[in-house]
Amino acid sequence: MENSLYSISNIKNMEVIDIATGAKLGMIKDFKIDCDNYNIISVLIPISKSNWLTKIELLEIPWEDIVKVGVDVILVKGQIKSDS
């Protein structure tokens, strides 16, 4: 099996799609990283617009639920939980 390497900026520019529903979830805003073990724990996707008075709601998708990182999309196993 061939391992592909992606930069963080390339991954952040990919559309995230739920394979169960085909819904576009959005673009990755941030990552949660385990600095001790050098692993990505989860990706965070904004699910609401923010302004000066409101906080952005984020959808957190565990890295284990990412099925495939393709050329221009990331396929995931479904919406998990929102993280505020």
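Above this text sits the structure in question.
This report concerns the structure included in the present document. Only a predicted model underlies this, so the values are computations on that prediction, with no experimental measurement involved.

With that out of the way, let us pick up the overall build of the chain. Each helix and strand counted, the chain has 1 helix and 8 strands in total. Within the chain, the fraction of its 84 residues that count as buried is 29%. For the chain, restricting intrachain contacts to residue pairs at least 6 apart in sequence, the fraction spanning at least 24 positions comes to 29%. Of the accessible surface of the chain, which amounts to about 6100 Å², a share of 53% is contributed by carbon and sulfur atoms.

This part covers the nonpolar core. With 14 residues, the main nonpolar core has V16, L25, I28, I45, I61, I74 and V76 as its most contacted residues. If you list the elements that add at least two residues to this core, you get β4 (39–46), β5 (58–62), β6 (66–69) and β7 (73–76).

Let's shift gears to the pairing of strand β2 (residues 24–27). Relative to β2, strand β1 (residues 15–18) runs antiparallel, the two being bridged by 3 bridges. In the sheet register, V16 faces β2, and the bridge partner there is G26. Hairpin connection of β1 to β2: 5 residues between the antiparallel strands, including G22 at a positive phi of 80 degrees.

Turning our attention to the pairing of β7. Burial of β7 is one-sided: the residues I74 and V76 facing one way are buried, the residues V73 and L75 facing the other way are not. The pairing of β1 with β7 spans 4 bridges and is parallel. By the bridge assignment for β7, E15 is matched with V73. Relative to β7, β6 runs antiparallel, the two being bridged by 3 bridges. Bridge pairing in β7 links V69 to I74.

Moving on, we get to the pattern of salt bridges. With the rule as written, the count across this model stands at 2 salt bridges. K77 serves as the salt-bridge partner of D65, at 3.9 Å between the closest nitrogen and oxygen. Linking D65 in the loop between β5 and β6 with K77 in the loop between β7 and β8 (81–83), this pair joins segments that are 12 residues apart in sequence.

Relative to the helices and strands, L59 is located in strand β5. Looking at L59, the relative accessible area reads 6%, which means it is buried.

Moving on: the sheet that holds β2. A sheet is described by the order of its strands in space; here 4 strands give the open sequence β2-β1-β7-β6, paired in mixed fashion. Looking at the sheet topology across the chains shown, the edges are occupied by β2 and β6. Ignoring strand direction, the axes of neighbouring strands in this sheet form an average angle of 25 degrees.

Rules used throughout
- Residues numbered from 1 in each chain as written.
- Predicted model: local features only at pLDDT ≥ 70, side-chain atom pairs only at ≥ 80, totals over all residues.
- Heavy atoms only, no water.
- Helix = DSSP H or I, 4+ residues; strand = E, 2+ residues; numbered from the N terminus.
- Buried < 20%, exposed > 50% of the residue type's maximum accessible area, 1.4 Å probe, protein only.
- Contact = heavy atoms within 4.5 Å.
- Areas by Shrake-Rupley, 256 points an atom, 1.4 Å probe, with all protein chains shown as cover.
- Core = buried A, V, L, I, M, F, W, Y, C linked by side-chain atoms within 4.5 Å.
- Pairing = 2+ DSSP bridges.
- Salt bridge = Lys/Arg side-chain N within 4 Å of Asp/Glu carboxyl O.
- Axes fitted to C-alpha atoms, helices over the stretch in contact; angles between N-to-C directions.

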